[in-house]
Amino acid sequence: MHNGDSMSKNDVLKHIMVTEVEHEAIVTDKKGRVINVLRFRARSWLYNFIAWLYGVLTNNSADLRVSGGSYVTFTPDELKNIYLMGGAGEVYGIMWGADSSSPTPTDYDLVSPYTESELAKHAMTAAEPAVEEGTSYFTLERKTDNVAGRDIVIYEVGLYARLYSYTTEYAVLLLRDVISGGFTVPADATLTWRIKPKVTT
């Protein structure tokens, strides 16, 4: 659609529906052999993501619901200082949990997150934006090791950002998706999880 053209309701819905997230999960054993793979698409961006995007694009302050459930007002400069690339063991970036309740727009935490003594998180990595057949995307990736001594079933996955208000540090959940039936990571296995935010033009 060209600049200046009007958009019908159907056009608007079409553009909304192709704004999605692609998840890819790969489980490997101690020898690096692939033993389980999961791929699915979802659209569970949360209110926090839209509020953050609004503030950044319009240079306005925005109220985000931080981890724990309270609302905090962030200035435009604070919103721009976002951090997703959590280091080993940090809660920022991709996280996993055990709860299967459906996402809601104002979710602020994973309901039942796995601890570091269950899933030992590696540092986040990222791949630069790319375009394939009209779809633009980039990739976030995190590995984690099952150190719980038992099989772990993942039902929820989230993406946390770190933001500061003045000198106070907050974790902010931007995305939460739920896996129907769960996804098993056997004891001592390694999970690689990739999130690809995608927009089709």
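Keep in mind that this is a model prediction, so the values were computed, not measured. (Residues numbered from 1 in each chain as written. Predicted model: local features only at pLDDT ≥ 70, side-chain atom pairs only at ≥ 80, totals over all residues. Heavy atoms only, no water.)

Glancing now at the pattern of salt bridges. Evaluated as defined, the whole model comprises 12 salt bridges. Notably, a salt bridge pairs E156 with R176, separated by 2.9 Å at the nearest N-O pair. Taken together, the residues span a long stretch of sequence, with E156 in strand 9 (residues 152-165) and R176 in strand 10 (residues 168-185) at a distance of 20 residues. Of the two residues, E156 and R176, neither departs from the other in class, the shared state being buried. Residues joined by salt bridges that share partners form a network here, namely E20, E22, R41 and K198. (Salt bridge = Lys/Arg side-chain N within 4 Å of Asp/Glu carboxyl O. Helix = DSSP H or I, 4+ residues; strand = E, 2+ residues; numbered from the N terminus. Buried < 20%, exposed > 50% of the residue type's maximum accessible area, 1.4 Å probe, protein only.)

Before going further, it helps to examine helix 2 (residues 47-58). With 12 residues, helix 2 extends 16 Å between its outermost C-alpha atoms, agreeing within 8% with the 16 Å of an ideal straight helix rising 1.5 Å per residue. Where helix 2 terminates, the next one or two residues include N59, which has phi positive at roughly 60°. (Expected span 1.5 Å × (residues − 1).)

Attention now goes to unusual backbone geometry. In this structure, N59 is a non-glycine residue whose phi angle is positive, near 60°. One can find N59 in the loop between helix 2 and strand 3 (62-65). Of note, Y166 is a non-glycine position whose phi angle comes to about 60°, a positive value. Looking at where Y166 falls in the secondary structure, it is placed in the loop between strand 9 and strand 10.

This part is about the nonpolar core. Ranked by size, the top nonpolar core spans 24 residues in total, and within it I94, W96, I154, I179, F183, L191 and W193 carry the most contacts. The set of elements that each furnish at least two residues to this core consists of strand 1 (19-28), strand 2 (34-42), strand 5 (93-97), strand 9, strand 10 and strand 11 (190-200). Within the second largest apolar cluster, 13 residues are counted, among which are A51, A62, L163 and V172. (Core = buried A, V, L, I, M, F, W, Y, C linked by side-chain atoms within 4.5 Å.)

For any pair of aromatic rings, geometry is given as the distance between the ring centres together with the angle between the planes. With the rule as written, the count across this model stands at six aromatic pairs. With centroids separated by 5.9 Å and ring planes inclined at 85°, the aromatic side chains of F74 and Y170 adopt a geometry described as edge-to-face. Placement of the pair is F74 in strand 4 (residues 71-74) and Y170 in strand 10, with a sequence separation of 96 residues. Looking at F74, the relative accessible area reads 0%, which means it is buried. (Phe/Tyr/Trp six-rings, centres within 6.5 Å; stacked < 30°, edge-to-face > 60°.)

Of the voids in this model, the largest pocket is the one considered here, and its volume is about 290 Å³. If you trace the largest pocket, you find 16 residues lining it, with W45, F49, W52, F138 and P197 closest to the centre. Breaking the lining of the largest pocket down by element, the ones donating at least two residues are strand 1, helix 2, strand 8 (135-146) and strand 11. (1 Å grid on protein atoms, 1.4 Å probe; cavity = no way out; pocket = protein on both sides within 12 Å on 5 of 7 lines; lining within 4 Å. Points joined across faces, edges and corners; volume = space filled by probe spheres on them.)

A few words on the confidence of the model for the protein. Chain-level statistics for the protein give a pLDDT mean of 91 and a share of 91% at 70 or above. Contacts from residues 1-7, a stretch scored under 50 in pLDDT, to residues over four places away or in other chains number five contacts. Scored below 50 in pLDDT, residues 11-18 shows seven contacts in the model against residues more than four places distant or in partner chains. (pLDDT = per-residue confidence, 0-100. Contact = heavy atoms within 4.5 Å.)

With respect to the element layout, R194 can be found in strand 11. Residue class for R194 comes out partly exposed when judged on its relative accessible area of 22%. Distance in space between the C-alpha atoms of R194 and T19 is 17 Å, their sequence separation being 175 residues. In this view, R194 contacts E22, H23, E24, I26, T139, L140 and E141; residues no more than four positions away in its chain are not counted. A polar contact is formed between the side chain of R194 and the side chain of E141, at a distance of 2.6 Å. (Polar contact = N/O pair within 3.5 Å; in protein donor to acceptor, adjacent residues only side chain to side chain.)

The next subject is the pairing of strand 9. With respect to burial, strand 9 is a largely interior element, 10 of its 14 residues being buried. Across five bridges, strand 5 lies against strand 9 in antiparallel orientation. Paired with I94 across the bridge in strand 9 is L159. The loop that links strand 9 with its antiparallel partner strand 10 comprises two residues; one of these, Y166, has a positive phi angle of about 60°. (Pairing = 2+ DSSP bridges.)

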